[in-house]
Amino acid sequence: AQSVTQPDIHITVSEGASLELRCNYSYGATPYLFWYVQSPGQGLQLLLKYFSGDTLVQGIKGFEAEFKRSQSSFNLRKPSVHWSDAAEYFCAVGGNSGGYQKVTFGIGTKLQVIP
Amino acid sequence: GAVVSQHPSWVICKSGTSVKIECRSLDFQATTMFWYRQFPKQSLMLMATSNEGSKATYEQGVEKDKFLINHASLTLSTLTVTSAHPEDSSFYICSAGRVYEQYFGPGTRLTVT
């Protein structure tokens, strides 16, 4: 069965500082990997995804993520955080589970941005 | 584009009553819609996948008779929580699209008293 671990439940960074949110996955083959952001009152919005090819993926809002097969990781990064980035971030893995395609989400990391 | 709405955004109901949550794709047709449940400090858990015009596929452990899903049109799926109990209180999220290209609604907060 596929699974996702987001080890940091809550992270606080200063505005303008760099950000890295950790994500580790478990899946037997090459997974499909996603990062979503959820702001209060809003639906989950896709930041970026990895299906194949270049392991460094660029997304919207200045985010990027790197797929590292050897570490089973797909960490999300941003060089300079803005106050509007405060939200909850979900990592997800997609693959074949029980005979059909399925996406499994992590528990989420809540990002707080301080002035 | 690809906007999904949910109604209501929050609802309070009494134990034993039923409540219906609507999920609409506003600017596209959705053959498939997904229903998730999210408990505080937990991840989104897929409850069921609904395909327009056919019966929903429920995940293991989800009671079909308690969580009735209807996907009668290409833009509307509904989730009815029947005979709700306090343990059904949760945040329910729908999405529409394909498995690896889902567009999410803003969620519905259900509180059962």
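Scoring rules and cut-offs
- Residues numbered from 1 in each chain as written.
- Chains lettered and ligands numbered in written order.
- Predicted model: local features only at pLDDT ≥ 70, side-chain atom pairs only at ≥ 80, totals over all residues.
- Heavy atoms only, no water.
- Salt bridge = Lys/Arg side-chain N within 4 Å of Asp/Glu carboxyl O.
- Helix = DSSP H or I, 4+ residues; strand = E, 2+ residues; numbered from the N terminus.
- Buried < 20%, exposed > 50% of the residue type's maximum accessible area, 1.4 Å probe, protein only.
- 1 Å grid on protein atoms, 1.4 Å probe; cavity = no way out; pocket = protein on both sides within 12 Å on 5 of 7 lines; lining within 4 Å.
- Points joined across faces, edges and corners; volume = space filled by probe spheres on them.
- Nonpolar A, V, L, I, M, F, W, Y, C, P; charged D, E, K, R; others polar.

Caption draft 1: Region of interest: the pattern of salt bridges. Residue and element names in this part refer to chain A. For the coordinates displayed, the defined rule picks out 8 salt bridges over all chains. Between arginine 22 and aspartate 8 there is a salt bridge, with its nearest N and O atoms 2.9 Å apart. In this pair, arginine 22 sits in the loop between β3 (19-21) and β4 (24-26) while aspartate 8 sits in the loop between β1 (3-5) and β2 (10-14), placing the two residues 14 residues apart along the sequence. Take aspartate 8: its relative accessible area is 18%, and that puts it in the buried class. Between arginine 77 and glutamate 64 there is a salt bridge whose closest N-O contact spans 3.2 Å. Taken together, the residues span a long stretch of sequence, with arginine 77 in strand β9 (residues 73-78) and glutamate 64 in strand β8 (residues 64-68) at a distance of 13 residues. Among the charged side chains, a salt-bridge network with shared partners connects Glu64, Glu66 and Arg77.

Caption draft 2: Quick peek at the layout of surface pockets. Taken as a whole, the largest pocket holds about 520 Å³ of empty space. Considering the residues around the largest pocket, the lining is formed by 22 residues, among which A:Gln38, A:Glu88, A:Phe90, A:Lys110 and B:Gln38 are closest to the centre. Here the element with the most residues in the lining of the largest pocket is strand β10 (residues 87-97) of chain A; it accounts for 3 residues. When grouped by side-chain class, the residues that make up the lining of the largest pocket number 11 nonpolar, 7 polar and 4 charged. By volume, the second largest pocket amounts to about 390 Å³. Every residue lining the second largest pocket is counted, 21 residues in all, and those nearest its centre are B:Met45, B:Leu46, B:Met47, B:Glu59 and B:Val62. Broken down by secondary-structure element, the contributors of at least two residues to the lining of the second largest pocket are β11 (100-105) of chain A together with β4 (32-38) and β5 (44-51) of chain B. Its residues assigned to classes, the lining of the second largest pocket shows 10 nonpolar, 5 polar and 6 charged.

Geometry only, nothing functional implied.
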